[in-house]
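Breakdown of the fold
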Amino acid sequence: MENNLLSLIIFAPLAGAVINWLIGGYLKDKPYSEMFSGVVACGTIAISTIVAFYIAFFANGGALRIDQPILDHIWTWVQVGNFRADFGLGMDRLSGVYACFVTFVGLLIHIFATGYMHGDKGFYRFFAYLNLFMFSMLTLVLADNFLLMFVGWEGVGLCSYLLIGYYIKRDEARSAAKKAFVMNRIGDWGVLMGIFLIFTLTGTISFYDKIVDGQQVQSVFTFVATHMSADPFTWGAIFAGGLTSVGVLLFIGATGKSAQIPLLTWLPDAMAGPTPVSALIHAATMVTAGVYLVVRANAIYQFAPTAMWIIAVIGAATALFAATIAIAQNDIKKVLAYSTVSQLGFMFLAAGVGAFVVAIFHVMTHAFFKALLFLGSGSVIHGMHHEQDMRKMGNLRKYMPVTYFTMGAGWLAICGIPIFAGFFSKDEILYRTFAADNFFPQRPFPGEEILWTIATLTAVLTAVYMTRMMIMTFWGKERFHDALPGEEHIVDHGHDEHADADAQAAGEGDEDEHHHALPADFKPNESPWSMTVPLVVLAVLSTFGGLVGIPYAMSSIFGGGDVNVFEHTLEPVVAEESEHAVHETPAMEARGTDRSPAPIAKAPAAEPAAVEVHSPEVVAKERGLAGLSTLLAAVGIGIGFLMFWKTPLRHMPRILAEKWRLDEFYNGYIVDPITRLSRDGLWKGFDLGFIDGIVNGIGHFVIELSNLFRSIQVGFVRSYAAIILLGALVVLGYFIYFGLKLVG
Amino acid sequence: MEPSLASYLGLSGILFTIGAVGVIFKRNAIGMFMCIELMLNAVNLTFVAFSRYYGDVNGQLFVFMVMSVAAAEAAVGLGIIIAFFRNSKSVDVDDASLMRN
Amino acid sequence: MASTVFFFLFAGLAIASAISMVYHRNPLYGAISLVGVFISLSCIYITLAAPFIAAVQVLIYAGAIMVLVVFVIMLLNLDDDKPLDRLRYLYAVGGGLGVILLAQTFFIFYAVMKAPNHAADQSETVGNTLNLGSAMYTRYLLPVEIVGVMLLMAIIGAVILVRRLNQPQLELVVEQEHERRHEA
C-alpha cells in the first residue's frame, strides 16, 4: 500500500545537508553558526526518526506488523522495454527494522557530534556530509529495487570518503579516504555484475510485487522462488552463471562494503576520521549494508548453497583474523575497528549458515553496543584532549564516571554476558552454526563444527581484547605523562589549544586532532551533556535491547512462551526454505495469530526456523550451548583480567600488532605492480610515447610538408610570372589535347 | 593568298609568346609592364581577327573594353612602380622579394 | 594579293619590334620599340576592316599609355638593366616555356588551317564606327558605364598611390592606421 510519508524519511536529511552546505557556510563565522548547523542537522534526523517509527508501527497498521510492504513510488526512473527501475521506496519488515535503528542511532550520534566537533572550523561541512550520509543510507535501506539500493550503496561509499577524509590537511586521513573508496569500488563491481545477472536471470530487479501505473512489476524473489530451483552444492556452480554466481558476486560487494576478507584493510585506516564518523559509518550503519544486501537477497542465497557456504567460511575466518589483531592494538579506535570487522564476520557467518534473522538481530544489537563503544571512546578521546593511545590512559573511571559506566555496559554486551544485548544475538549465532545441518538449505553443512570452533574462539578473544581495552583505559594507574618507548620528550603546549580553539596563531588548522603532549597538571574531565546523554541512551539499549529477540530456549526457562518478537517480525522476509524443512509440530498451528503467514507456501506453511526452536531436544541443545558460551565469555574476561590487570602494557606478539602484515602484502603484490605498470607502461610508454607521438608526429609532418611547399614562394616576381605562365600552358595543353583528337 | 584566320592567329600567338618570355626575362619593372602590354595587344589582335572572320561585332567591343582596362592598369601600375621606387631607389623587381618564404 | 603583302609586311614589322623590345636593356629603347609594335598592329587592324579599333589603338596605346610610360622612365631616370646575378635558372625556364608556347601556337595555326574556314565576307564590314557605337550604347550600355567608373577608380587610385604626404598629414594617416589596427 502506498504512503507518501516514506519519502520524507530520506528527503529530510537531504534537505538538512543542502541547507547546511549552502547556508551554514555563509554563516561560518557568526557566533550562532554551530547552533544553526547542529539544530538543522539533528532536527532533520529527528524528523526522519519520528516518521520512520510512525510508519513502522502505526501507519496503515504499521509496516512491522502487516504483511504487505508500505510502498512509495516517487517517480519512474528508468523504464526501457522489460527493464524497470523506479525511484521508489518500500518499507517492509526488514527495511523497517533497519530504518528504525539507523535513524535512531544516527540521531544519537548526531547529537553526540555536536558536542564532539565543537570548535571545529568545518562544523557546517561536517554536518552536511553527515546528513548526506544518512540520506544515502536510508535510500539504500528503503529502496524497493536493486538499482536504487545501489545508488544508496554508492552514496554511502562517497560519504564515507568525504567523512574519513574530513581532516583534509592530514595525509593519513586523505590516503585512508582514498583507500576506503577504492576498496569499496572493487566491491561495487561485484554488486553491479550481480544486479546485471539478476536481471538476466529473472527479468526484473524489484524487491516487491507491486503495481505501478497499472503495470504489474514482479519481485525478484517471488520469481526466484516460483520459477527457479536450487543450484547444486558444487564449486562449479560459482561460474555457471546461475543463482550461485549471483550470490558470489553480491557477496563480493558485501566484502567491500562490510570489510571482510579480502577487502578489509580500509576499515582500520578509516579511523583517521573523526570519532562520530567512525561510530556512525563504520560501526552501526554503512558496514552493515553488506549484511542487508545478503539478507535481502536471501531467496537467492537459499538456492545457492555454495555461495552461502563461502559466506559462512569467510565470515568466520574474518572474525578470527580481526580478533587476533585487535588484542595487539594500542590505539583505542583501532581496537574497536578490528572488533567491528570481527563482529561483521559473525553476522556473515550467521547469514551463511541460513540464520538470516539472527544476522539482522546481531546487526541491530551490534549497532547499539558498537556505537556506544565508539562514542564512549570519542568521549574518552575528547576528555584526554585527543590522545588516542591507550598506553597513555588509565584510571579514567575516576575522572569520567558516566563514560565509564556506559562503556562498561557496552563491554559486557559485546562480551556476551547474559541479559545484555550481545548475549542473545551472539549466542544464537553460535548455536545456529553448531546446528547448521538443520538449517542449511542443502544439508548437510560441511565443516560446521570447525566454524563453530572458530566462532567460539573468536568470542573468547573478543572478551579478552575488550577487557584489555577497559583495563588499559579505565582502571589501573594513571599513565598520562609516561613516555612511550621510542617517543622523545615532547614539549608541553598550551592547555587550551583544542577543545574550544579558534584559529591558531601558528596557522595550524584546528580541524584536525593533534597529539600534543599533555601538560603537567592535566586532568581529564567528563564530557558535556551533549555527549553523555547519547551514551546513556545507548547503554540502556545495549543492556535491554536484546530482550526483543529472546530465543524460545531462553524464554521458556522462565515459563514464558515464544516471545521472540524480533524473529516474528522478520520471519516473512526470510523466504521459505526448500522441502527439506523439518516437519512442523502441530503445536505450531495453535500459535498466536501475531505471526504472519509466509508469502509463498511451498512446504506446509510454517517457518522451519521457528519450528526447530521448539522441539525439546533442540531447546536443550540450545540451552546447553548458551551456557557454554556464557562460560567462555566469563573465561575470556577472566583471561583478560589475568593478563592485563597487573601489566596493562604487556606486549602482544609483534605480528599481530602489525596486522599480520596484510597491508604490506597488498601494497607489495597488488598496489605497487599496478602503480609501476600505470606509470611506466601506460603513462610514459603509451600515452606520452605513442599517442603524443602520433599527435606530435602529425604536427611535424604537416610542418615538413608545408616547408616543402614553402620553397615555391621564392619572393621573386619573375618566378611567379613563370609559374603563372606554366599554369596557362597546362590549360592550353589540355584543350590542344582534345583538339588533337578532333583534328586527327 | 588571302591571309586566312590561321595566319592572324599565328601572328597573335607569336607576339604573345614574345611577350610572355619577355615578362620572365626582364628585370626592369617598366620593361615587365611593357611586355604585359604586348601580351594584351596580341590578344586584341585575336579578337579583331575573329570578329572580322565571323562577322560579329562583339569581338571589337571586347577589344574596346580591354583597351580601357589596359589604360587604367597602366595608370595604377605605374603609380605603384613610382611608389616602390621612392622606397628602394631601384626598379629591379628582384629587390621586391619581401614575400620570400 | 595586296592583302597578303600588307599582312606579311606589317606582321614582320610587329614581330621585329617585339623582339627588339625584349632584347634592349635600355627601357627607353624598349618603349620606342613597343610603339612600333602598336603602330604595326594598328595597320593590321585596318587590313582587318576595323577602322575604329585601329584609330583607338593609336590614340590610346601609343598616344596615352606609352607617353605615360616614357614620362615615368624619364621621371625615374632609369638606368639600363644590369646583368643578371641571380635567378639564372629563369633563363632556361623562360626559354623552355616560350618554346612550348610556340609549339602550341603552331599547332593552333595548323588546326585552324585544317578546319573548314570561310573566307572573310568582304561585303560585310562590322567594324565601322556606326555599328560599334550603336552596339555600345544599346546592348552593352552597362559595361560601358562600368568602364567609366573603373577609370575613375584608376585615377583616384593612382593619385593616392603616389601622393607625398607632408609631415602633419603623414602623422595623421599613420595614427589612423594604428587605431584601425588596434581596435580590430
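Above this note sits the structure.
Residues numbered from 1 in each chain as written. Chains lettered and ligands numbered in written order. Predicted model: local features only at pLDDT ≥ 70, side-chain atom pairs only at ≥ 80, totals over all residues. Heavy atoms only, no water.

**Let's talk about the interface of chain A and chain B**
The following threshold applies: We call two residues in contact whenever any of their non-hydrogen atoms come within 4.5 Å of each other. The term buried area refers to how much accessible surface (probe radius 1.4 Å) is lost by two components on association, counted for both of them together. Only runs of H or I of at least four residues qualify as helices and only runs of E of at least two qualify as strands under DSSP, and these elements are numbered from the N terminus. Polarity classes work like this: nonpolar for Ala, Val, Leu, Ile, Met, Phe, Trp, Tyr, Cys and Pro, charged for Asp, Glu, Lys and Arg, and polar for all others, with Gly in that last group.
Every contact between the two is made by 11 residues of chain A and, on the other side, 14 residues of chain B. Summed over the three residues of chain A that lose the most area to chain B, namely F716, R718 and L725 of chain A, the buried surface amounts to 48% of that side. Counting residues per element, the side of chain A that touches chain B draws most heavily on helix α27 (residues 717-743) of chain A, which supplies six residues. Counted by class, the side of chain A that touches chain B contains seven nonpolar, two polar and two charged residues.

**A word on the environment of V76 of chain B**
Definition in use: The buried label applies to any residue whose accessible area, calculated with a 1.4 Å probe on protein chains only, is under 20% of its type's maximum; exposed applies above 50%, and partly exposed to all values in between.
Looking at the secondary structure, you find V76 of chain B in helix α3 (residues 58-88). According to the relative accessible area criterion, V76 of chain B is partly exposed, its value standing at 25%. Excluding residues that lie within four positions of it along the chain, V76 of chain B makes contacts with A154 and L161 of chain C.

**Describing the interface of chain C and chain B**
In plain terms, the rule: A side-chain nitrogen of Lys or Arg and a carboxyl oxygen of Asp or Glu constitute a salt bridge if their distance falls within 4 Å. Within 3.5 Å is the distance limit for a polar contact, defined as a pair of N or O atoms, with the added protein rule that one can donate a hydrogen and the other accept it, and that residues adjacent in sequence qualify only through two side-chain atoms.
With 85 residues of chain C at the contact, the number on the chain B side is 70 residues. In this assembly, chain C packs against chain B so that about 6,800 Å² is buried in total across both faces, 75% of it on carbon and sulfur atoms. The largest share of the area that chain C buries against chain B comes from F7, L48 and Y61 of chain C, three residues that together contribute 9% of it. At the junction of chain C with chain B, the criterion picks out zero salt bridges. Counting across the chain C and chain B interface gives five residue pairs in polar contact (both at pLDDT 80 or more). For the side of chain C that touches chain B, the secondary-structure elements that each account for two or more residues are α1 (2-23), α2 (27-47), α3 (51-76), α4 (89-114), α5 (129-138) and α6 (141-162) of chain C. Considering each element in turn, the side of chain C that touches chain B owes the most residues, 14 residues, to α3 of chain C. Taken together, the residues that form the side of chain C that touches chain B break down as 61 nonpolar, 14 polar and 10 charged.

**What to know about the packing of helix α13 (residues 305-326) of chain A against helix α19 (residues 448-474) of chain A**
Angle between the axes and distance between the axes are the two parameters that describe a pair of packed helices. All names here are of chain A. How we decide: Fitting a line to C-alpha atoms yields each axis, with helices limited to the stretch in contact; the angle taken between N-to-C directions then spans 0 to 180 degrees. Angular relationships are summarised with four words: roughly parallel below 35 degrees, roughly antiparallel beyond 145, roughly perpendicular across 65 to 115, and oblique for the angles in between. With the far helix as reference, a near helix turned anticlockwise by less than a right angle produces a left-handed crossing, and one turned clockwise produces a right-handed crossing.
Across the interface, α13 lies against α19 with an axial gap of 9 Å and an inter-helix angle of 25°. Regarding the angle of α13 to α19, the classification is roughly parallel. Taken as a pair, α13 and α19 cross one another with a handedness that is left-handed. Across the interface between the two elements, A312, V313, A316, A319, L320, A323, T324 and A326 from α13 touch L451, I454, L457, T458, L461, Y465 and R468 from α19. A breakdown of the residues in the contact of α13 with α19 according to their chemical character gives 12 nonpolar, two polar and one charged.

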